[in-house]
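Listed here are the chains, written in short residue letters.
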Amino acid sequence: MQMTLRWYGSQYDTVTLKQIRQIPGVTGVISTLYGTTPGEAWEMNDILALKKEIEDAGLKLVGIESVNIHDAIKVGTPDRDKYIDNYITTLERLGQADIHMVCYNFMPVFDWTRTELARVRPDGSTVLAYTQEAVDALNPEDMFASISADANGAILPGWEPERMARIKELFEMYKDVDDEKLFENLKYFLECIMPVCDKYDINMAIHPDDPAWSVFGLPRIIINKANILRMMKMVDNPHNGVTFCSGSYGTNLENDLPDMIRSLKGRIHFAHVRNLKFNSPTDFEESAHLSSDGTFDMYEIMLALYDIGFTGPIRPDHGRMIWDEVAMPGYGLYDRALGATYLNGLWEAIVKQHNK
Ligand code: DNO
């Protein structure tokens with residue numbers, strides 16, 4: 001595996017490439033062209049400039065998170081082919097720039113959803129948290145207002161103001177889309193892009209829906225083992241793969257994370273590894289990465305990745321806000337650096353144990 005950190009670009013991130021370079025064992029960066037909108041074809045010069053900036057700092061641009069999918073593709077409207085063509089152009093250019101992993105999601109309207117971005121824990125750190133009761137009591141517009149109020153001035157991907165301004169229209173677009181339709185539209189999209197992925201050896205890595213169930217009545221399909229295996233089978237190409245995000249699949253306690261990893265051998269192209277602490281089945285918070293601070297056994301998760309021969313990029317995921325850092329919720333430097341170091345430690349121990 002290759003340890004990486006997500007970076008939001010010099011314009012938006014409080015964390016610098018120099019700081020990332022100084023985290024032991026982190027050699028790669030996962031980024032995207034912030035400022036582009038879903039549906040447009042990325043310019044080659046912009047891709048090369050991002051890559052050069054990262055390489056000049058002594059790191060490698062290991063993958064893109066995300067090339068977002070236009071709603072026309074998810075809904076399956078008549079103009080979707082135009083947006084798929086643009087997506088193919090973007091993939092072609094990424095391939096030509098020697099970038100071979102693309103993370104994306106197929107969630108309608110919202111990307112990830114949390115009800116609090118700064119819940120205070122007993123040690124004084126603040127974390128992202130989710131309570132189903134709070135979602136049930138809110139309408140989507142109010143949710144956006146509370147998310148933006150807590151974001152430390154940052155614009156969170158998936159919660160851009162332009163997008164939220166269109167929220168009613170977006171809900172209207174999805175009114176006839178159910179799980180089956182979403183699966184169908186995903187299949188159509190994947191079948192269109194697989195030839196370019198084969199040509200440039202690009203691994204597509206779908207991110208799970210977070211939380212892993214329907215929110216606000218919207219369909220959600222990338223939520224459990226059965227659905228993800230269905231997706232792998234419906235377009236049975238090794239370039240059709242997944243981002244295994246322990247924190248997102250883990251929102252549903254019925255998901256057995258190590259078992260899911262083992263069932264996806266050869267199809268996990270990217271891993272997000274983090275812990276969650278459940279206070280009740282409908283309330284969880286994003287604890288420190290350490291097993292004993294949360295609900296999941298992080299050793300078992302890393303061991304499962306080792307067992308399937310995982311060689312792709314991995315990143316610590318959302319960190320807590322600690323040591324008075326002010327940053328985008330979940331994406332500060334300190335706790336993610338601790339997370340990377342901890343995951344590297346687990347990995348080293350597993351490798352050495354197996355080589356004995
Ligand atoms: C949240 C992230 C997601 C992820 C997208 C991938 O912090 O893990 O926003 O980047 O769902 O497209």
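Residues numbered from 1 in each chain as written. Predicted model: local features only at pLDDT ≥ 70, side-chain atom pairs only at ≥ 80, totals over all residues.

Colleague: For this particular structure, what's the right way to read the overall build of the chain?
Modeller: Of the regular secondary structure elements, the chain holds 14 helices and 12 strands. A compact globule built from 356 residues would reach a C-alpha radius of gyration of about 21 Å, and the chain, at 19 Å, matches this within 12%. Dimensions along the principal axes, computed over C-alpha positions, put the chain at roughly 55 × 45 × 40 Å. For the chain, buried positions account for 42% of its 356 residues. Expressed as a percentage of contacts within the chain between residues at least 6 apart in sequence, the contacts between residues at least 24 apart total 73%. (Helix = DSSP H or I, 4+ residues; strand = E, 2+ residues; numbered from the N terminus. Rg over C-alpha atoms; globule rule 2.2 N^0.38 Å. Buried ≥ 20, exposed ≤ 12 C-beta atoms within 10 Å, placed from the backbone. Contact = placed C-beta atoms within 7 Å.)

Colleague: Can you help me understand the pairing of strand β1 (residues 2-6) in this one?
Modeller: On any regular strand, side chains alternate: one points to one face of the sheet, the next to the other face. Counting buried positions along β1 yields four of five residues, so the element is predominantly enclosed. Pairing of β1 with strand β12 (residues 313-316) involves two bridges; the strand directions are parallel. When the sheet's bridge partners are listed, Gln-2 is paired in β12 with Pro-313. (Pairing = 2+ DSSP bridges.)

Colleague: I tried to follow the packing of helix α13 (residues 298-307) against helix α14 (residues 334-355) on my own but got confused; where do I start?
Modeller: Between two packed helices, the angle of one axis relative to the other and the distance separating the axes together describe the packing. It is at 10 Å that the axes of α13 and α14 come closest, and there the two elements cross at 55 degrees. In terms of their interaxial angle, α13 and α14 are classed as oblique. Relative to α14, the crossing made by α13 is right-handed. Every residue of α14 that contacts α13 at Met-298, Tyr-299, Met-302, Leu-303 and Tyr-306 is listed here: Leu-343, Leu-346, Trp-347 and Ile-350. In the contact of α13 with α14, the residues fall into nine nonpolar, no polar and no charged. (Axes fitted to C-alpha atoms, helices over the stretch in contact; angles between N-to-C directions. Parallel < 35°, antiparallel > 145°, perpendicular 65-115°, else oblique. Left-handed = near helix turned anticlockwise from the far one by under 90°. Nonpolar A, V, L, I, M, F, W, Y, C, P; charged D, E, K, R; others polar.)

Colleague: What exactly am I supposed to notice about the site of the ligand here?
Modeller: Near the ligand the following residues occur: Glu-65, Ser-66, Cys-103, Tyr-104, Asn-105, Asp-111, Trp-112, Pro-157, Gly-158, His-207, His-272 and Gly-330. The greatest single-element share of the shell around the ligand, amounting to three residues, is contributed by strand β4 (residues 101-105). (Near = placed C-beta within 6 Å.)

Colleague: When you look at the sheet that holds strand β11 (residues 283-285) in this model, what are you seeing that I'm missing?
Modeller: The strands that make up a sheet pair up through hydrogen bonds in the backbone, lying either parallel or antiparallel. Taken in spatial order, the four strands make up an open sheet running β5-β6-β11-β10, and their pairing is antiparallel. Edge strands, defined here as strands with exactly one partner in the open sheet, are β5 (116-120) and β10 (277-280). Ignoring strand direction, the axes of neighbouring strands in this sheet form an average angle of 35 degrees.

Colleague: Help me understand the pairing of strand β9 (residues 268-273) in this model?
Modeller: When you tally the buried positions in β9, you get six out of six residues, the bulk of the element. For strand β8 (residues 240-245) and β9, the ladder comprises four bridges, and the chain directions are parallel. Bridge pairing in β9 places Thr-243 opposite Phe-270. Relative to β12, β9 is paired through three bridges, and the arrangement is parallel. The residue bridging His-272 from the neighbouring strand is Arg-315, located in β12.

Colleague: I tried to follow the nonpolar core on my own but got confused; where do I start?
Modeller: Nonpolar side chains tend toward joint burial in soluble globular proteins. Membership of the largest hydrophobic core comes to 87 residues, with the highest contact counts inside it found for Ile-20, Val-29, Val-102, Ile-261 and Ile-301. Not counting chain neighbours up to four residues away, the residues in contact with Val-102 comprise Gly-63, Ile-64, Val-67, Leu-91, Leu-94, Ile-202, Met-204 and Ala-205. (Core = buried A, V, L, I, M, F, W, Y, C linked by C-beta atoms within 7 Å.)

Colleague: So what exactly am I meant to see when it comes to the packing of helix α4 (residues 80-96) against helix α9 (residues 179-200) here?
Modeller: Look at α4 against α9: their axes get within 10 Å of each other, and the N-to-C directions meet at 20 degrees. With respect to α9, the axis of α4 lies roughly parallel. Regarding α4 and α9, the two cross each other, and that crossing is right-handed. Contacts between α4 and α9 pair Ile-84, Tyr-87, Ile-88, Leu-91, Glu-92 and Gly-95 from the former with Phe-189, Cys-192, Ile-193, Val-196, Cys-197, Lys-199 and Tyr-200 from the latter. Taken together, the residues that form the contact of α4 with α9 break down as 10 nonpolar, one polar and two charged.

Colleague: Teacher, can you tell me more about the sheet that holds β4 here?
Modeller: Pairing is parallel around the closed barrel formed by eight strands, whose spatial order is β1-β2-β3-β4-β7-β8-β9-β12. Averaged over neighbouring strand pairs, the angle between their axes works out to 30 degrees when direction is ignored. Of the strands in this sheet, β2 (28-31) and β3 (60-65) touch helix α2 (residues 44-56), which is tilted by about 135 degrees from β3.

Colleague: Sorry if this is basic, but what is going on with unusual backbone geometry here?
Modeller: Excluding glycine, residues mostly carry a negative phi; peptide bonds, for their part, are mostly trans. The omega torsion of the bond from Glu-65 to Ser-66 falls at 5 degrees, within 30 degrees of zero and hence cis. When you line up the elements, Ser-66 lands in the loop between β3 and α3 (71-75). Omega for the peptide link from Asp-210 to Pro-211 comes to 5 degrees, which places this bond in the cis form. Among the secondary structure elements, Pro-211 is positioned in the loop between β7 (203-207) and α10 (225-234). A positive phi is found at Asp-98, a non-glycine position, where the angle reads about 70 degrees.

Colleague: So what exactly am I meant to see when it comes to α4 here?
Modeller: Every α-helical turn comprises 3.6 residues, leaving residues that sit three or four positions apart pointing alike. Between its first and last C-alpha atoms α4 spans 24 Å; for 17 residues at 1.5 Å apiece the expected length is 24 Å, and the two agree. Among all positions of α4, only Arg-80, Tyr-83, Ile-84, Tyr-87, Thr-90, Leu-91 and Leu-94 are buried. In an axial view of α4, the angular spread of the buried residues amounts to 115 degrees, which keeps them on one side of the axis. Across from the buried face of α4, at angles greater than 90 degrees, the exposed residues are Asp-85 and Gln-96. Looking at the packing, one finds that the buried side of α4 touches α2, β3, α3, β4 and α9. Of the residues flanking the end of α4, it is Asp-98, one or two places downstream, whose phi is positive at about 70 degrees. (Expected span 1.5 Å × (residues − 1). Arc of directions from axis to C-beta.)

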